[in-house]
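Working through the structure, step by step
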Amino acid sequence: MIVGGPEGGDLANTRKAWARQLYVGTVYGREESSKKACREPITFTDKDLPTRETPHRDALVIAMDVNRVIVRRILVDTGSNVNVLYLDTFTKMGLTREQLNLVKTPLAGFTGDSVEVEGPITLPVEVGSYPDVQKLSMKFIVVNLACSHNAILGRLGLEDLGALISIEHLCLKFRTPNGIRTVRCDRRAARACYLQACRGMAKRGMQVHEITEKPPKKAMIPRPEPAVELEEIEINPKRPDRLVRIGIGLPRETREEIIQVLRKHRLVFAWGPEDMPGVDRSIIGHRLAVDPDHRPVVQKKRYLANDRREFVKKEVGTLLAAGHIREVKYPEWLANVVLVPKPPAWRMCMDYTDLNKTCLKDPFPLLRIDQLVDETAGSALLSFMDAFRGYHQIFMHPADEEKTAFLTPDRVYCYRVMPFGLKNAGATYTRMVARLFQDLLGKSMAAYVDDMLVKSKEEAKHAEDLADCFQVMLRYNIRLNPKKCAFVVQGGKFLGYMVTKRGIEPNPEKVHAIIDMQPPSTVKNLQRLTGRLVDWLPSVAS
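Definitions and cut-offs
Residues numbered from 1 in each chain as written. Predicted model: local features only at pLDDT ≥ 70, side-chain atom pairs only at ≥ 80, totals over all residues. Heavy atoms only, no water. Pairing = 2+ DSSP bridges. Helix = DSSP H or I, 4+ residues; strand = E, 2+ residues; numbered from the N terminus. Axes fitted to C-alpha atoms, helices over the stretch in contact; angles between N-to-C directions. Disulfide = S-S within 2.5 Å. Buried < 20%, exposed > 50% of the residue type's maximum accessible area, 1.4 Å probe, protein only. Polar contact = N/O pair within 3.5 Å; in protein donor to acceptor, adjacent residues only side chain to side chain. Contact = heavy atoms within 4.5 Å. Salt bridge = Lys/Arg side-chain N within 4 Å of Asp/Glu carboxyl O. Parallel < 35°, antiparallel > 145°, perpendicular 65-115°, else oblique. Nonpolar A, V, L, I, M, F, W, Y, C, P; charged D, E, K, R; others polar. Expected span 1.5 Å × (residues − 1). Arc of directions from axis to C-beta. Core = buried A, V, L, I, M, F, W, Y, C linked by side-chain atoms within 4.5 Å.

Re the sheet that holds strand β11 (residues 171-176)
Here three strands make up an open sheet; going across it, the order is β10-β11-β12 and the pairing antiparallel. Each end of this open sheet is capped by a strand with a single partner; those strands are β10 (164-166) and β12 (179-184). Here the average twist between neighbouring strands, direction ignored, is 25 degrees. Bridging between β11 and β12 involves six bridges; their strand directions are antiparallel. Counted as the bridge partner of Arg175 is Ile180 from β12.

Let's talk about the pairing of strand β17 (residues 335-342)
In this sheet, strand β20 (residues 406-407) lies alongside β17 in parallel orientation, the contact comprising two bridges. Residue pairing in the sheet places Ala335 in a bridge with Phe406 of β20. One ladder, built from six bridges, connects β17 with strand β18 (residues 345-350); its direction is antiparallel. Bridge pairing in β18 links Pro341 to Trp346. Counting the residues between successive antiparallel strands, the hairpin from β17 to β18 contains two residues.

Things to note about the state of the cysteines
Evaluated as defined, the whole model comprises zero disulfides. Between Cys485, a free cysteine, and Cys469, which holds the nearest cysteine sulfur, the sulfur-to-sulfur gap is 9.7 Å.

Section: the side chain of His169
Note that His169 resides in the loop between β10 and β11. The class of His169 is buried, set by a relative accessible area of 8%. A distance of 2.6 Å separates a polar atom in the side chain of His169 from a polar atom in the side chain of Ser166. If sequence neighbours within four positions are ignored, His169 has contacts with Phe44, Thr45, Asp48, Leu49, Pro50 and Arg184.

Examining the pattern of salt bridges
Applying the stated criterion across every chain, the model contains 20 salt bridges. With a closest N to O distance of 2.7 Å, Arg191 and Asp58 form a salt bridge. Of this pair, Arg191 sits in helix α5 (residues 187-204) while Asp58 sits in the loop between α2 (30-37) and β2 (61-66); the two residues are 133 residues apart in sequence, bridging distant segments of the chain. When its relative accessible area of 36% is taken as the criterion, Arg191 is described as partly exposed. Assessed through its relative accessible area of 10%, Asp58 is described here as buried. Here Arg239 ties to Asp241 by a salt bridge, and the two come within 3.5 Å at their closest N and O atoms. Each of Arg281, Arg326, Glu401 and Glu402 takes part in a single network of salt bridges with overlapping partners.

Examining the packing of helix α6 (residues 252-264) against helix α11 (residues 462-476)
Interhelical geometry of α6 versus α11 gives an angle of 10 degrees and a closest axis separation of 9 Å. Classified by the angle between their axes, α6 and α11 sit roughly parallel to one another. Across the interface between the two elements, Glu257, Ile258, Val261 and Leu262 of α6 pack against His462, Ala463, Leu466, Ala467 and Phe470 of α11. For the contact of α6 with α11, the per-class residue count stands at seven nonpolar, one polar and one charged.

Regarding helix α7 (residues 306-322)
The terminal C-alpha atoms of α7, which comprises 17 residues, lie 25 Å apart, in line with the 24 Å expected from a rise of 1.5 Å per residue. Residues Phe311, Val312, Glu315, Val316 and Leu319 constitute the buried set of α7. Axial view of α7: buried residues confined to an arc of 135 degrees, hence all on one face. Exposed residues pointing more than 90 degrees away from the buried face of α7 are listed as Asn306, Lys314 and Ala321. On its buried face, α7 sits against β16 (325-327), β17, β18 and β21 (412-415). Two residues or fewer after α7 comes Gly323, characterised by a positive phi angle close to 80 degrees.

So, the sheet that holds β20
Taken together, five strands build an open sheet; the order of strands is β16-β21-β20-β17-β18 and the sheet is mixed. At either margin of the open sheet sits one strand with a lone partner, and together these are β16 and β18. In this sheet, β21 lies alongside β16 in antiparallel orientation, the contact comprising three bridges. Bridge pairing in β21 places Glu327 opposite Tyr413. Along the sheet, α7 contacts β16, β17, β18 and β21; its crossing angle with β18, the most-contacted strand, is approximately 70 degrees.

Comments concerning the side chain of Asp58
Engagement of the side chain of Asp58 in a polar contact is seen with the side chain of Arg187, the distance being 2.9 Å. Reaching out from Asp58, the side chain makes a polar contact with the side chain of Arg191 at a distance of 2.7 Å. In contact with Asp58, other than residues within four places in its own chain, are Ile167, Leu170, Arg187 and Arg191.

Some details on the pairing of strand β8 (residues 132-143)
For a regular strand, side-chain orientation follows a simple rule: the groups alternate between the two sheet faces. Most of β8 sits out of view: nine of its twelve residues are buried. Sheet topology places strand β4 (residues 84-86) next to β8; three bridges connect them, and they run parallel. Its bridge partner being in β8, Tyr86 is matched across the sheet by Val143. Of the pairings in the sheet, the one linking strand β7 (residues 117-129) to β8 comprises twelve bridges and is antiparallel in character.

Observations concerning unusual backbone geometry
Here the phi dihedral of Asn67 falls at roughly 55 degrees; this positive angle occurs in a residue that is not glycine. Structurally, Asn67 can be placed in the loop between β2 and β3 (69-76). Accessibility expressed as a relative area gives 16% for Asn67, which makes it buried. Of note, Leu170 is a non-glycine position whose phi angle comes to about 50 degrees, a positive value. Here Leu170 lies in the loop between β10 and β11. Look at Leu170 and you get buried, because its relative accessible area is 2%.

Some points on the nonpolar core
Counting residues in each nonpolar core, the largest one holds 81 residues, and the members touching the most others are Leu262, Met385, Phe437, Phe470, Met473 and Phe487. For this core, the element with the highest residue contribution is α11, accounting for seven residues. Once residues lying within four places of it in the same chain are set aside, the contact partners of Phe470 are Val261, Leu262, His265, Val268, Met385, Leu480 and Phe487. Formed by 45 residues, the second largest nonpolar core is a distinct cluster that contains Ile2, Val127, Leu158 and Leu170.

Structural data, given as structure tokens:
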């Protein structure tokens, strides 16, 4: 498929309007419909079969008169949304770039790689041989690529010509005032183009395009992480392999105080699902607000590849051992397993789309990101913390457990804890954090769902602030993931922003493209840069 260009609209809004046109029916009058019904039909018979080798594997390659020049090696391709004219052919025809218009939408091909176009041009075209010639104007998109063909006749040109093609018969037929006429394939040119393309492919080498999972549509909030180097320290002499990370270059007294706090509260870290007792049900639990009038949905079993099936079995075994799931029989609701890429492997989630549609939305408000960042900037020391499978630390209400049933390659299970993918899971977790840490949030703590940090305006108070946070976690059985925690650092990324003692600073990952950008060397590159800046400035102002 070749898609893009100005056809259907050169802007997102115009393409949407073009797509919506099909929803408005067009009713033809009797006179017009009768004219169409009386047209001579186009048919293909055995007389139209090629005289040489059959069956064949040739492409349909023809010649046309374009702008009073006979252009050969034109590939007829119904998979192309536009008519393509290659720049080398365009130049040999005596045409110049000044005759082209600006096109914002690039072209994309089989691998999804986009190609900037030089611009469109409308040229006079003659198809057929005298006296049976059809004359019309065709729009071509000029691209600066090397190809064995000179042009591509796409769906746009075939529709303008009113032509039908048959690959089996290797010909193209269209109507003229004198009847149906045929343009046959130049099979010698078709095979020459194929051989030339294969030779070029061998010289360039094969480029492998890996097929990856589609990213989630919703933009994800970046995980908090420090912006300084870290060192690992042991917090349990009996288990020297269990290490946590703290910032380097700390004053000796501060470092010793922090290490003592971490060792004293080492039970706050979970090294596996077996270390998660879960928050007591009397504190909080997750309930599903399912519409009772809605019929339950049982999804059909989906296929999983061998490696993914083994990963699901391993993950299910871990959840069973931790008591987070249980086997269920005769569930009314049933969902499929979905594996989301999470390097170096996957994260096992459930397709609760049908269940979520029937649940009311929990309006519990999330905190404003800009407010959290402003309150965090200027802190002398920060400790970034991440809950160990935070959602799994909250239990499901017993009456709603079987509604979370999911299908594995072997059996059917349901969750005893709150799984990922439920509609109001984020609101429930935020409510728990706001309830348990209400005395610390806004003072020595900041939290956005399961991303938490301890902040201190003075270095000497950070150990005390960290101990207060740990005591709440131990009291209510909240556990942290030591691999994603970083303690006692002077700055880092929080909710996509760089926060330090000096304030909010630019994120290097977001500005390196501008820093490393080459200065424009041509008028076209300068126009492209100014266009991007015009599109960027309104978004910054908003």
